[in-house]
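Read off the chains here:
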Amino acid sequence: MKKFNIRKVLKEVSSSTPSVQVGPQENHLIRETIQSDHFQLCKTVRHGFPYQPSSMAFDPVQKILAIGTQSGALRLFGRPGVECYCQHESGAAVIQLQFLINEGALVSALADDSVHLWNLRQKRPAILHSLKFNKERITFCHLPFQSKWLYIGTERGNIHIVNVESFTLSGYVIMWNKAIELSSKAHPGPVVHISDNPMDEGKLIIGFESGIVVLWDLKSKKADYRYTYDEAIHSVAWHHEGKQFICSHSDGTLTIWNVRGQGKPIQTITPHGKQPKDGKKPEPCKPILKVEYKTTRIGEPFIILSGGLSYDTVGRRPCLTVMHGKSTAVLEMDYPIVDFLTLCETPYPNDFQEPYAVVVLLEKDLVVIDLAQNGYPIFENPYPLTIHESPVTCCEYFADCPVDLIPALYSVGSRQKRQGYSKKEWPISGGNWGQGTQSYPEIIITGHADGTVKFWDASAIMLQVLYKLKTAKVFDRNRSKEDKGSTEVSDEDPFAIQIMAWCPESRMLCVAGVSANVIIYRFSKLEVTTEVVQLLEVRMQYELNDMESPEGGGGGGEQTSALPTPGASPQTSGPPSHPSTSSNNSDGGNMPCLKVRSTPLKQSPGYQVDLVVQLVWVSGEPPQQITSLALNSSYGLVVFGNSNGLAVVDYVQKTVVLNLGTVELYGSNDPYQRQPRSPRKARQPSGGLCDINEGSATSEDRCKSPTSVLTSNSNLQQFYNGGGRGAKMSRKLSLPTELKPDLVLLSVCPPRGANPLDHRDNSFSRSRSSSVTSIDKEAREAISSFHFSETFARKGDSSLTPCLYVGTTLGTVLALGLTLPPAGEQRQLQPVIISPTGMLVRLKGSIMRMAFLDSTGSLLPPAYEPWYEPNVTADGEEREKVRKRRPVSVSPSTSQDLSESQYAVVCSEKQAKVMALPSQTCIYKHSITETSFILRADVVQMSQGMCVACFCANGHIMTLSVPGLRPLMDVNYLPLTDMRIARTFCFTNLGQAMYLCSPTEIQRITYSQDICENLQEMLGELFTPVETPEAPNRGFFKGLFGGGAQSLDREELFGETASGKASRSLAQHIPGPGGLEGMKGAASGVVGDLARARIALDERGQKLGELDERTAAMMASADSFSKHAHEMMLKCKDKKWYQF
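Definitions and limits used
Note that residues are indexed from 1 along each chain, following the sequence as it is written. Thresholds applied to this predicted model are a pLDDT of at least 70 for local features of residues and 80 or more for the giving and counting of side-chain atom pairs; totals over whole chains, interfaces and linings are not thresholded and use all residues. Here the side-chain values reflect all heavy atoms present in the structure, with hydrogen atoms and water set aside. By definition, any uninterrupted DSSP run of H or I lasting at least four residues is a helix, any uninterrupted run of E lasting at least two residues is a strand, and each is numbered from the N terminus. For every residue, the accessible area obtained with a 1.4 Å probe (protein chains only) is divided by the maximum for its type, and the residue is called buried under 20%, exposed over 50%, and partly exposed between those limits. Here a residue-residue contact requires only that any non-hydrogen atoms of the pair lie within 4.5 Å. Only the protein chains shown count as cover for residues, and the accessible areas themselves come from Shrake-Rupley with a 1.4 Å probe. A 3.5 Å cut-off defines polar contacts: any pair of N or O atoms within that distance qualifies, except that in protein one atom must be a possible hydrogen donor and the other a possible acceptor, and neighbouring residues in sequence count only when both atoms are side-chain atoms. Salt bridges, as used here, are contacts in which a Lys or Arg side-chain nitrogen is within 4 Å of a carboxyl oxygen on Asp or Glu. Here, nonpolar core means buried Ala, Val, Leu, Ile, Met, Phe, Trp, Tyr and Cys residues that are tied together by side-chain atoms lying within 4.5 Å of each other. At least two DSSP bridges between two strands are needed for those strands to be called paired. Note on geometry: axes are lines fitted to C-alpha atoms, helical ones only across the stretch in contact, with angles between N-to-C directions running from 0 to 180 degrees. Stacked, tilted and edge-to-face pairs are distinguished by plane angle, under 30 degrees for stacked and over 60 for edge-to-face with tilted covering the rest, among Phe, Tyr and Trp rings (Trp via its six-membered ring) whose centres lie within 6.5 Å. Criterion for a disulfide: a pair of cysteine sulfur atoms at a distance within 2.5 Å. Each direction from the helix axis to a C-beta atom contributes to the arc, which is the arc of those directions. Looking at any residue, its pLDDT shows the predictor's confidence there, from 0 to 100.

## Some details on the overall build of the protein chain
From N to C terminus, the protein chain includes 17 helices and 61 strands. When the 1140 residues of the protein chain are sorted by exposure, 61% land in the buried category. Residue pairs at least 24 apart in sequence account for 63% of intrachain contacts in the protein chain once pairs closer than 6 positions are excluded. Roughly 45200 Å² of accessible area belongs to the protein chain as shown, and the carbon and sulfur atoms make up 51% of that amount.

This is the structure we're talking about:
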């Protein structure tokens, strides 16, 4: 392994960089084991509900469910933990899906009039063939069970037939003008339904939109019967005996027809219509969009339908109606129904169907109803489809967590489950799990717009919800108008989570809400009732000392009576318990945005609130949203910052330890000439879009959530209230104005709970670099990140002390030294003392991430306290023994030698620097991007060593070595089309990363070569070899007198010899990429023959014509001929001579 020396000085050094000589220093040689070939970027798995679903199909033998979406995505679900995501390249909506039942293949029809054949016999399904129609629009497809001929109905009313083996069109076409009466002059409309008679494959029923149904004889090529009704048809379904069928209509009626009885339907039902007494027709209802007719051996058939409600049910939720005999059950759904499927015991359409469940695909949910139990209970859904229950506002991802965490969260979360589910097993149970070798625990935390926080087990490419915390319980929800005063807080999403900080070892959790509140939680396994929720109110104000202000000056101190002077040791007074004493204004001063509940709070096992911190209104101005947050369980401190400054809270003593304006952090060394501002005059949020819209933001804007609806530019301002970077870049990026409101808040999250959580200020813009020398009122400096560490507080220090490092949006890193009382009783009584120790470094752009390394280049994790049960009644001494903070073992003799020092890694949105400590010299520097800016940066642990991982606004994902800052990987992965991606992108240890790719789905990716290589093993298998059930037995008399199912030689009818060739201009055949993996092992059957043929072609590298392709398929299928012959023998052995 070669030794890596110091990087040479970079060509362009920004004016903000300290004049540090970056040169070779022998004592900073660190052997870096991590190399570029350790990195590779690939998508691993997608979780969540398919966004904007449009169609669905189920394989009753393989027990696999497929869902297609409006963006051309395909999601396949088997048993819990087996799921797969594929994408059609065109991105057109999937209008219909059809399984080749038990063949490991799926046909998809798209809105761009293309049909595709997917091979599911490989872990990553691939398209084998595509057919693109040029002249006609596809409206409906039907593939009979165990047939290779696919019927395709079109908008013109014609039906074309496709061979799914070769994906070629047959010359056999059913033209609309042949199907309808010659005497009728009107066009019958598009084909809305095709299916063959369950008892006679030679008879095809065709439903046209206008209300005409035709029974077509395939052999004689003419219509046997026609059935007309004066209402438009939406769907048709057969009775399994093939003597009756049912139609659903646009006026909310169902008509049942005898196949041989023309003229009128034998029965007309209006399931939801009020029956008039005088025998007139019932009043029309909404259209019945789909109907299914399922029979049982014992008892009445089931008629299941969606839609058809009467028009006077205003505000009624969408319903699925189940009619069984004389009983009618109306099942209300939470969202509109996209499609539903009845799951039956048999795949054969000519047998009693025996339905046992209904899968209902809703716009935002998937519901499975148990038909076999009274009351039709639903099954408990085992898939992670509730990510979007409330819109996600921020995420965290933690790989390699303590092993006891997931069981602890699961045990408290299992008590939250709802009751009343079906007792049966989940019916979608196909596929097999992958052979994962990944053993470390992974946890994803999502924060939501309604104030909930969800913990998910994300180990081994699965996802399962563990525990759900409702933070809104801490607040009074029913605020009266008098309480609001002049605040007019928005009621959209006042509880939305903005940033989360979590320490996995101590299980301490801290969340910052959109209404400028911070809640600190402890984890307990015991239930407790909290009589009074502990509350701290903090005033943060941006004003300079030379201004006359109503309070008589002061730099953002929490009380005007005790203001710290710049650079002095901090004030340690408690919170203003009576805020009215510190301000006498009458315009909403000292009002928090939310009111904490005053009644006792029953807290279940799990996360229990320890302390609430609220920022209050000051001088008629609402508090600024919190832009950064961090906690350290060893020190018992939480720190948060916004565009006014920062506050440090001691949650052990429940006091505010420090409340400093940003300016006071610099003391007398402030590099900027700041313009004083009056708090009365300038109400714009800092760094807002003030040069775009000069109007001031109204008071209610401040507490709006990231998902509140934006109505005007002044409302938009509050999302861009970062540190002076709003307007310019937002123009440069030219974000679409119709960007979804829930995408506007920008908050990016860290890899480990103990690391600082730098919530990027809410601006998607990154234009101002730290070379700006004058800060005016529109470009205020905000706090962008924090990091707790045990390090050298000042230049030349010889001993390690606890420190808090603060990063700002103007690229400055400042240090604060922490003096903590000894553990035990003293920690409860003596104050924590914090003193600013000066500036460490300045970079271009906002500071994103900080980390510290020891002299060998290994990461120094922040100190933490191990978890203990907070609600035990042991005496204080015992408890304190458990709580002693972990010592950091560094001997003074070694720490004085500079070669045995520490390294600080600092990453801004433009560049990265590595500083040697305690000398505070810059030893490495790398400019990450000139033209764009970084949205997320994390210092992560890989199995081979440390690296910095960055996600850039131009879509690049990059990694740099640590401490040498060598570029190791740079992949143009994902152009940033969406604010949601920026807000939710997270890197974590061991090469894992994630983001929300849609409002309902999490996409996980890896940048580790090891995981990419092992991914194939870890993925589940969709296709498993299963015997097809035996066909239903035909009785002796049925066979003798012709009452049984009639089979049809479709090959003879639709093959080229009988029907000729189809018109070449009608559709274009496109061979798919196929994918070699898994094909060699494909078993016999339609897809197996096809797959082996394709392999033979690929291996020889020849481009054969259709004839050669068919020849190759025949040759390749020779070895499966005996199996086919055996199957045929079994099929025929029970038949007598007169049945052939």
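Still more to cover.
## Overview of helix H11 (residues 1009–1018)
Among the residues of H11, those classed as buried are Gln1009, Ile1011, Cys1012, Leu1015 and Met1018. Buried residues along H11 sit against strand E1 (39–48), strand E59 (992–998) and strand E60 (1001–1008). For H11, the N-terminal cap is serine 1008; the gap from its side-chain oxygen to the backbone nitrogen of aspartate 1010 is 3.2 Å.

## Re the pattern of salt bridges
Going through the model one piece at a time under the given rule, you end up with 30 salt bridges. A salt bridge links aspartate 334 to arginine 317; its shortest N-O distance comes to 2.8 Å. Remark: arginine 317 occurs in the loop between strand E23 (302–307) and strand E24 (319–324) and aspartate 334 occurs in the loop between strand E25 (327–332) and strand E26 (337–344); sequence separation between them is 17 residues. The residue arginine 507 makes a salt bridge to aspartate 404 at a minimum N-O spacing of 3.0 Å. Within this pair, whereas arginine 507 is found in the loop between strand E33 (497–503) and strand E34 (508–513), its partner aspartate 404 is found in the loop between strand E29 (392–399) and helix H2 (405–413), the two being separated by 103 residues in sequence. Taking relative accessible area as the criterion, arginine 507 reaches 3% and is therefore assigned buried. The class for aspartate 404 is partly exposed, based on a relative accessible area of 43%. Three or more residues are tied together by salt bridges with common partners; here these are Arg46, Arg75, Glu83 and Glu1001.

## What to know about the nonpolar core
Residues Leu409, Ile443, Phe455, Trp502, Tyr521 and Tyr607 are the most contacted members of the largest nonpolar core, which totals 34 residues. Top contributing element to this core by residue count: H2, with 5 residues. Other than its neighbours up to four places away in sequence, isoleucine 443 contacts Glu396, Tyr397, Phe398, Cys401, Leu405, Ile406, Leu409, Phe455, Trp456, Ala458 and Trp502.

## So, the sheet that holds E26
Taken together, the 3 strands give an open sheet; going across it, the order is E26-E27-E28, and neighbouring strands pair in antiparallel fashion. At either margin of the open sheet sits one strand with a lone partner, and together these are E26 and strand E28 (366–370). Averaged over neighbouring strand pairs, the angle between their axes works out to 20° when direction is ignored. Sheet topology places E26 next to strand E27 (residues 355–362); 7 bridges connect them, and they run antiparallel. Bridged to phenylalanine 340 within E27 is valine 360.

## Topic: the sheet that holds strand E13 (residues 168–174)
What the 4 strands build is an open sheet, ordered E10-E11-E12-E13; its pairing is antiparallel. Unpaired on one side and paired on the other, strand E10 (138–142) and E13 mark the two borders of the sheet. For this sheet the average axis-to-axis angle between neighbouring strands, irrespective of direction, equals 30°. Here strand E12 (residues 159–163) runs beside E13; their pairing, made up of 4 bridges, is antiparallel. Residue pairing across strands places isoleucine 159 opposite isoleucine 174, the latter belonging to E13.

## Focus on unusual backbone geometry
In this model, leucine 917 is joined to proline 918 through a cis peptide bond whose omega is 5°. As for its placement among the helices and strands, proline 918 is situated in the loop between strand E52 (911–917) and strand E53 (921–927). One non-glycine residue with positive phi stands out, namely glutamine 146, at about 60°. Tracing the backbone shows glutamine 146 in the loop between E10 and strand E11 (149–154). Residue glutamine 146 is classed as exposed on the basis of its relative accessible area, which comes to 53%.

## Describing the packing of aromatic side chains
Under the defined criterion, the tally for this structure stands at 28 aromatic pairs. An angle of 75° between the planes, with centres 4.9 Å apart, marks the rings of phenylalanine 398 and tryptophan 502 as edge-to-face. Highlighted residues: phenylalanine 398 in strand E29 and tryptophan 502 in strand E33, separated in sequence by 104 residues. Residue phenylalanine 398 is classed as buried on the basis of its relative accessible area, which comes to 0%. Since its relative accessible area comes to 1%, tryptophan 502 is described here as buried. Relative to phenylalanine 985, the ring of phenylalanine 951 has its centre 4.1 Å away and its plane inclined at 15°; by these criteria the two rings are stacked. Here phenylalanine 951 is found in strand E55 (residues 945–952), whereas its partner phenylalanine 985 is found in the loop between helix H10 (979–984) and strand E58 (986–988), with 34 residues between them in sequence. Both residues of the pair, phenylalanine 951 and phenylalanine 985, belong to the buried class. One aromatic cluster is present, formed by Phe398, Phe455, Tyr467, Trp502, Phe523, Tyr607 and Trp867 through successive ring pairs.

## Some thoughts on the state of the cysteines
Under the defined criterion, the tally for this structure stands at 0 disulfides. Left without a disulfide partner, cysteine 86 is nearest to the cysteine sulfur of cysteine 84, which lies 4.1 Å away.

## Re the pairing of E24
Counting buried residues in E24 gives 5 out of 6 residues, a clear majority hidden from the surface. Two strands pair when backbone bridges link them, and E23 and E24 are joined in this way by 5 bridges, in the antiparallel orientation. When the sheet's bridge partners are listed, leucine 305 is paired in E24 with threonine 321. Counting the residues in the hairpin turn of E24 and E25 gives 2 residues, including glycine 325, whose phi is positive at 65°.

## Some words on the side chain of threonine 959
If you trace the backbone, threonine 959 turns up in strand E56 (residues 956–961). Threonine 959 sits in the buried class, given a relative accessible area of 1%. With residues up to four places along the chain from it excluded, the contact list for threonine 959 reads Phe39, Cys947, Val948, Ala949, Arg966, Pro967, Leu968, Met969 and Tyr1007.

## Notes on H2
Those residues of H2 lying buried are Leu405, Ile406, Ala408, Leu409, Val412 and Gly413. Projected onto a plane normal to the axis of H2, the buried residues spread over an arc of 165° and lie on a single side. Packed against the buried residues of H2 are strand E30 (442–448), strand E31 (452–457), strand E32 (464–470), E33, strand E35 (517–524) and strand E39 (606–615).

## Some details on the pairing of strand E5 (residues 83–87)
Regular strands place their side chains on alternate faces of the sheet. In this sheet, E5 lies alongside strand E4 (residues 73–77) in antiparallel orientation, the contact comprising 5 bridges. Bridging across to E5, leucine 76 finds its partner in cysteine 84. If you look at the hairpin formed by E4 and E5, you'll find 5 residues sitting between the two strands, and glycine 81 has a positive phi there, around 100°.

## A short note on the side chain of glutamine 992
With respect to the secondary-structure elements, glutamine 992 resides in strand E59. Using a relative accessible area of 3% as the deciding quantity, one classes glutamine 992 as buried. A polar contact of 2.9 Å, which involves the side chain of glutamine 992, links it to the side chain of tyrosine 440. Excluding its chain neighbours within four sequence positions, the residues that come into contact with glutamine 992 are Tyr397, Ala399, Gln438, Tyr440, Glu442, Cys986, Phe987, Ile1005, Tyr1007 and Ile1011.

## Some details on the environment of cysteine 42
On the secondary structure map, cysteine 42 appears in strand E1. Taking relative accessible area as the criterion, cysteine 42 reaches 19% and is therefore assigned buried. Separated by 962 residues in sequence, cysteine 42 and arginine 1004 have C-alpha atoms that sit 9.0 Å apart. Those residues in contact with cysteine 42 that lie beyond four places of it in its chain are Ile1005, Thr1006, Cys1012 and Leu1015.

## Notes on the environment of tryptophan 176
Mapping tryptophan 176 onto the fold places it in helix H1 (residues 176–179). Between the C-alpha atom of tryptophan 176 and that of isoleucine 159, which follows or precedes it by 17 residues, the distance is 7.9 Å. With sequence-adjacent residues up to four places away left out, tryptophan 176 is seen in contact with Arg156, Gly157, Asn158, Ala186, His187, Pro188 and Phe208.

## Let's talk about the confidence of the model for the protein chain
Reading fine detail from the predicted coordinates is not recommended where pLDDT is low. Averaged over all residues, the pLDDT of the protein chain is 79; the fraction at 70 or higher stands at 72%. Low pLDDT, under 50, characterises residues 480–490; the stretch is placed with 18 contacts to residues that sit more than four places away or in other chains. Predicted confidence for residues 874–898 stays below pLDDT 50, and this span has 33 contacts to residues more than four positions away or in other chains.

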